[in-house]
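# Reading the structure
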Amino acid sequence: MNSTDKKIYYVSLQGRSLLEDQQATAYEWRIEATPEEADQVSHLLEQLGEQETRSFLAFTYPWPDSPEQDVNAGYQSVVDALYKLIYRFGTPETREQLSRSMGYTEEE
């Protein structure tokens, strides 16, 4: 397979997974991406899990120098980047859903 060949992948934000098998697990979004593009999404899903762990620890063991908005900012920036990639690589149906539910547009 050529690295420019696109395939359908199934993205689960809840499950922090990117799969090629639609039946493997529940998913929220379908994207069409090259293997390299899919790696970008997969990497952000991993970062999202890491940010969740950091946020959990920050709230479980709060430090006076860790304001809540700072803890949330790292998590939110990964979520934003992830949704931008999902929109960019999304199938027409995925892009339509993101436009309708979250207001994403081509300019994002």
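Residues numbered from 1 in each chain as written. Predicted model: local features only at pLDDT ≥ 70, side-chain atom pairs only at ≥ 80, totals over all residues. Heavy atoms only, no water.

### Concerning helix H3 (residues 92-102)
- If you check which residues of H3 are buried, you get Thr94, Arg95 and Leu98. Considered in projection along H3, the buried side chains sweep an arc of 100° and stay on one side of the axis. Set apart from the buried face of H3 by more than 90 degrees, the exposed residues are Pro92, Arg100 and Ser101.
- Positive phi appears at Gly103, one or two residues downstream of H3, with a value of about 80°. (Buried < 20%, exposed > 50% of the residue type's maximum accessible area, 1.4 Å probe, protein only. Helix = DSSP H or I, 4+ residues; strand = E, 2+ residues; numbered from the N terminus. Arc of directions from axis to C-beta.)

### Details of the pattern of salt bridges
- If you walk through the whole model with that rule in mind, you get three salt bridges.
- Its salt-bridge partner being Lys6, residue Glu37 comes within 3.3 Å of it at the nearest N-O pair. In this pair, Glu37 is assigned in helix H1 (residues 35-60) and Lys6 in the segment before strand S1 (7-12), connecting sequence segments 31 residues apart.
- Using a relative accessible area of 44% as the deciding quantity, one classes Lys6 as partly exposed. (Salt bridge = Lys/Arg side-chain N within 4 Å of Asp/Glu carboxyl O.)

### So, the pairing of strand S3 (residues 29-33)
- The alternating pattern of S3 places Trp29, Ile31 and Ala33 on a buried face, while none of Arg30 and Glu32, on the opposite face, is buried.
- In the sheet, S1 pairs with S3 via five bridges, with the strands oriented antiparallel. Directly across from Ile8, in S3, lies its bridge partner Glu32. (Pairing = 2+ DSSP bridges.)

### Here's the deal with the packing of aromatic side chains
- The tally for this structure, following the rule as stated, stands at two aromatic pairs.
- Arranged with centres 6.2 Å apart and planes meeting at 85°, the rings of Trp29 and Tyr83 form a pair that is edge-to-face. Residue Trp29 is found in strand S3, and its partner Tyr83 is found in helix H2 (residues 68-89); the two are separated by 54 residues along the sequence. The residues Trp29 and Tyr83 share a single accessibility class, namely buried.
- Over the ring of Tyr87 we find Arg95; its NZ or CZ atom is 4.3 Å from the centre of that ring. (Phe/Tyr/Trp six-rings, centres within 6.5 Å; stacked < 30°, edge-to-face > 60°. Lys NZ or Arg CZ within 6 Å of the ring centre and 35° of its normal.)

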